[in-house]
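# Structural overview
Residue strings, one per chain:
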Amino acid sequence: MLVDHTRSQQHHLRTPEEILVSRSGLEILQHYAAMITDSEDAIISNTIEGTVNSWNNGAEWIFGYTAQEMLGQPTSRLVTERGGNDMAESLDRIRRGEHVDHYEAMRRCKDGKEIPVSVTISGLRDYAGKFIGAVTIARDVSAWKHEEVVIRTSEKLAGVSRMASSLAHDINNPLASVTNLLFLLEHEELSKDGKQYLATAQRELSRIVQISAQALGFYRRKGEPVWLSLAAILDDALALHRNRCETRGVEVSRDYEPAPNIYSHPGELRQVMVNLIGNALDAMPSGGKLRLRIRRTTDWVTHRQGLRVTVADTGDGMSAETRSRLFEPFFETKKAIGTGMGLWICADILSKSDGRIAVRSSDTREQNGSVFSLFLPL
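Given the structure is predicted, the values throughout are model-derived calculations rather than measurements.

What follows concerns helix H5 (residues 86-95). When H5 is considered as a whole, its buried residues turn out to be Asp 86, Met 87, Ser 90, Leu 91 and Ile 94. Buried positions in H5, seen along its axis, are confined to an arc of 135 degrees and lie on one side of it. Check the buried side of H5 and you find it contacts strand S1 (42-47), strand S3 (103-108), strand S4 (114-125) and strand S5 (131-140). Trailing H5 by a residue or two, Gly 97 shows a phi angle of about 85 degrees, which is positive.

Encoded structure:
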């Protein structure tokens, strides 16, 4: 049988329009491929079992893993303990033909850091319509979350300020009355111990006024700083906690290196020391060791000469998450009695004096306790 080769060849030849459409389609595919590759969002495709098939540059930037490290690996490498395995749950829903809405989740990066991400998942079907995998688009929303925290904190501080305005008049009158009564008491016949108690009461009353003003954001320093002994300030703060130390069976050791006086505000520094010693005792409800130390040193950041104060305890210690948020306003671990303002105020006081505060702590079985380190320039 003869075959019409001419018609057969014509049948396989493409028209110029067909060639143009084919080229346009290829360009579109190349364009989308470039968009996926260079996207700042993580775009990841995986099998229905959760094995990674593709890993773009955005995924590498966000999670730290290269494509070579993730191709063929399970997506569960990104799962966090506190976030749960939402990826497996999403794949189960896709396998059942359900729709997966946009949601937020936690992911673990290569360096161990956990970050919040905004996730969108779409199912992939084969020619028969069966789901064979999924495409995940994840966006790092750490910056957004941080901004939300800043906004919420600002709102809380604004609320506290408004509350302070309404309370200021009410508390000033009784404070003024107590101050006057203590002043009149100075002219009465008192024993030696009575005079000492009176002086302590006057000093602490003055400190109450300063603490209230600082904590509520209305504090403006009054008066000039003075030359003072840091050892004396530390001992004054310790004296206020002496009863707690004795009742809890806390062993106190003082190691003060001879040091020059510093130029600062005594009320503020006393507040810092009282707060730190009080926190240390709170961490040792069943007893332990409290170590107070003063040393001359050079700050490794500013290279300034100054004094280093160390307040160390053998208490319960703190987790890494707690340490990372310790100096934030309104962050507190003492749910029943805490306000979350103490250490934030301490850090603010020290920063006004060009000082710094740092902490190291551990809550492991092998090692526990916390060490607060304060640097004050000379």
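Further notes follow.
Our next topic: the pattern of salt bridges. One pass over the structure, following the stated rule, counts 15 salt bridges. For Arg 93, the salt bridge identified is with Glu 98, shortest N-O distance 3.3 Å. By relative accessible area, which is 31% here, Arg 93 ends up partly exposed. The class of Glu 98 is partly exposed, set by a relative accessible area of 36%. Taking the shortest distance from any N to any O, the salt bridge between Asp 299 and Arg 356 comes out at 2.5 Å.

The next thing to look at is the confidence of the model for the chain. Confidence along the chain averages 78 in pLDDT terms, with 75% of residues attaining 70 or more. This stretch, residues 1-21, has a pLDDT under 50; its non-local contacts, to residues over four places away or in other chains, come to three contacts.

Rules and cut-offs
- Residues numbered from 1 in each chain as written.
- Predicted model: local features only at pLDDT ≥ 70, side-chain atom pairs only at ≥ 80, totals over all residues.
- Heavy atoms only, no water.
- Buried < 20%, exposed > 50% of the residue type's maximum accessible area, 1.4 Å probe, protein only.
- Helix = DSSP H or I, 4+ residues; strand = E, 2+ residues; numbered from the N terminus.
- Arc of directions from axis to C-beta.
- Contact = heavy atoms within 4.5 Å.
- Salt bridge = Lys/Arg side-chain N within 4 Å of Asp/Glu carboxyl O.
- pLDDT = per-residue confidence, 0-100.

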